[in-house]
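# Examining the three-dimensional arrangement
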Amino acid sequence: MGEDTDKTSRTHGVTETGRAAGEVVVTTQGLPEWLDPIVRAVQTVEPEQLSRFLPPKSGRGRQSAVLILLGDGVRGPELLLMERAGSLRSHAGQPSFPGGALDPEDGDPAAGGPLRAALREAEEETGLDPSGVQLFGVLPKLYIPVSGFVVTPVLGWWRVPSPVGAVDPAETARVFTVPVADLTDPANRATALHPSGHTGPAFLVKSALVWGFTAGVIDRILHFAGWERPWDRSRQVPLDWRS
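Quick notes on the rules
- Residue positions are counted from 1 within each chain, in the order its sequence is given.
- The predicted origin of the model limits local features to residues at a pLDDT of at least 70 and limits the giving and counting of side-chain atom pairs to 80 or more, whereas totals for whole chains, interfaces and linings rest on all residues.
- With hydrogens and water set aside, each side-chain value is computed from the structure's full complement of heavy atoms.
- In this scheme, strands are said to pair when DSSP sees at least two bridges between them.
- Elements are defined by DSSP. Helices are runs of H or I of four residues or more, strands are runs of E of two residues or more, and each kind is numbered from the N terminus.
- A helix is expected to span 1.5 Å multiplied by its residue count minus one.
- The classification of residues rests on relative accessible area computed with a 1.4 Å probe and restricted to protein chains. Under 20% of the type maximum is buried, over 50% is exposed, and intermediate values are partly exposed.
- In summary, the pairing rule links any two rings of Phe, Tyr or Trp, Trp by its six-membered ring, whose centres are within 6.5 Å, and it sorts them by plane angle into stacked for under 30 degrees, edge-to-face for over 60 and tilted for everything else.
- One speaks of a salt bridge when a side-chain nitrogen belonging to Lys or Arg is within 4 Å of a carboxyl oxygen belonging to Asp or Glu.
- Angles shown run from 0 to 180 degrees and are taken between the N-to-C directions of axes, each axis being a line fitted to C-alpha atoms and, for helices, limited to the stretch in contact.
- Note on contacts: a residue pair is in contact if any heavy atoms of the two residues lie within 4.5 Å.

## Here's the deal with the pairing of strand E12 (residues 199–205)
Each regular strand shows side chains that alternate between the opposite faces of the sheet. Pairing of strand E11 (residues 189–193) with E12 involves five bridges; the strand directions are antiparallel. Residue pairing for E12: Ala192 is matched across the bridge by Gly200. Counting the residues in the hairpin turn of E11 and E12 gives five residues, including Gly197, whose phi is positive at 105°. With three bridges connecting them, E12 and strand E13 (residues 208–210) associate as antiparallel partners. Opposite Leu204, over in E13, you have Leu209 as the bridge partner.

As structure tokens, then:
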């Protein structure tokens, strides 16, 4: 990714352009230095390095996107998360990134559609002002088998923070930020054990157990950014059978 915002490049299949009318802007210009490791990781990471669950080759799956929004907090870099309402049919009560399925007006799923969807969903769910977000990268598409979602993780820098909160209590229980320092703290890390036998990374932060797709992506970002600290992988947290 170059610093010349009049040029274009490719970020995992999504056109990156620094200045184009009607386009969603994705640029690394002006980012804080602490984001450099993530920017480098985005340029090189392969889908298989992020998850063993990849989109079906048949093309099946509902196209969706999530916003992985990082900003400066009182204790340094922090990540925006939300907790889904317990009444939802899919992933009820789980902490997650803001995001959801693409709408037709979001555009081409292979181009700017996921970028628009990530910002739109974040605004609808958390009240976030998209104008204060600088998108700087896109990770490879991943898959959530239990819901059939093909997910594009979109990375953003919260350049101008805005007030956030649960916009619709029927969909969102709460919105909160987590310091990266808490995510890397070995005391807050564990292995989630699902009744099905599946295991995966988990984080115990802000009175929440972050697991599943969200925890898996956070775990890989910390690893490839070089921020991961050794933690006790034998420490298990059993999940409820309804999870």
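## Section: helix H5 (residues 212–224)
Given a rise of 1.5 Å per residue, 13 residues ought to cover 18 Å, and the 18 Å separating the end C-alpha atoms of H5 matches this to within 8%. Those residues of H5 that sit buried are Thr214, Ala215, Gly216, Val217, Ile218, Asp219, Arg220, Ile221 and Leu222. After H5 finishes, the residue Gly226 shows a positive phi value of roughly 80°.

## What to know about unusual backbone geometry
A positive phi angle is found at Lys206, which is not glycine, with a value near 50°. Mapped onto the secondary structure, Lys206 falls in the loop between E12 and E13.

## A closer look at the packing of aromatic side chains
As enumerated under the stated definition, the model contains two aromatic pairs in all. On the numbers, 5.8 Å between centres and 75° between planes, the contact of Trp34 with Trp157 is edge-to-face. Here Trp34, found in the loop between strand E2 (14–17) and helix H1 (36–44), pairs with Trp157, found in strand E9 (residues 149–158); they are 123 residues apart in sequence, far enough to count as distant. Overall, Trp157 belongs to the buried group, its relative accessible area being 8%.

## Regarding the pattern of salt bridges
Under the counting rule described, the total for this entry stands at 10 salt bridges. Arg120 is the salt-bridge partner of Asp106, the closest N and O atoms lying 2.8 Å from each other. Of this pair, Asp106 sits in the loop between strand E6 (99–101) and helix H3 (113–126) while Arg120 sits in helix H3, and the two are 14 residues apart along the sequence. For the residue pair Asp106 and Arg120, the accessibility class agrees, reading buried in each case. Between Arg233 and Glu228 there is a salt bridge, with its nearest N and O atoms 3.2 Å apart. When salt bridges with common partners are traced through the structure, they connect Asp103, Asp106, Arg120, Glu121 and Glu124 into a single cluster.

## A few points about the sheet that holds E12
The strands making up a sheet are joined through hydrogen bonds of the backbone, oriented either antiparallel or parallel. A sheet is described by the order of its strands in space; here four strands give the open sequence E13-E12-E11-E14, paired in mixed fashion. With partners counted over all chains shown, the strands left at the sheet margins are E13 and strand E14 (236–238), one partner each. The sheet shows a mean angle of 40° between the axes of neighbouring strands, taken without regard to direction. Set on the sheet, H5 makes contact with E11, E12 and E13; between it and E12 the angle comes to about 85°.

## Some words on the environment of Val151
Structurally, Val151 can be placed in strand E9. Each C-alpha atom of the pair Val151 and Leu54 lies 9.4 Å from the other, and the pair is 97 residues apart in sequence. Not counting the four nearest positions on each side in its chain, Val151 is found in contact with Ser64, Ala65, Val66, Pro140, Lys141, Leu142, Ile144 and Phe213.

## Points about H3
Taking 1.5 Å of rise per residue, the 14 residues of H3 would be expected to cover 20 Å, and the 20 Å separating its terminal C-alpha atoms lies within 8% of that figure. In terms of burial, H3 is largely enclosed, as 11 of its 14 residues are buried. Within H3, the full set of buried residues consists of Gly113, Pro114, Leu115, Ala117, Ala118, Leu119, Arg120, Glu121, Ala122, Glu125 and Thr126.

## Things to note about the pairing of strand E3 (residues 62–73)
Alignment of E3 against E9, held across nine bridges, turns out to be parallel. By the bridge assignment, Ser64 is partnered in E9 with Val151. As paired elements, E3 and E6 share three bridges and run antiparallel to each other. Paired with Val66 across the strands is Gly99, a residue of E6. Both E3 and strand E4 (residues 76–84) contribute to a ladder of four bridges, which runs antiparallel. Within E4, the residue paired with Gly71 across the bridge is Glu78. In this structure, the hairpin formed by E3 and E4 is closed by a connection of two residues.

Treat this as a map of the structure, not an account of what it does.
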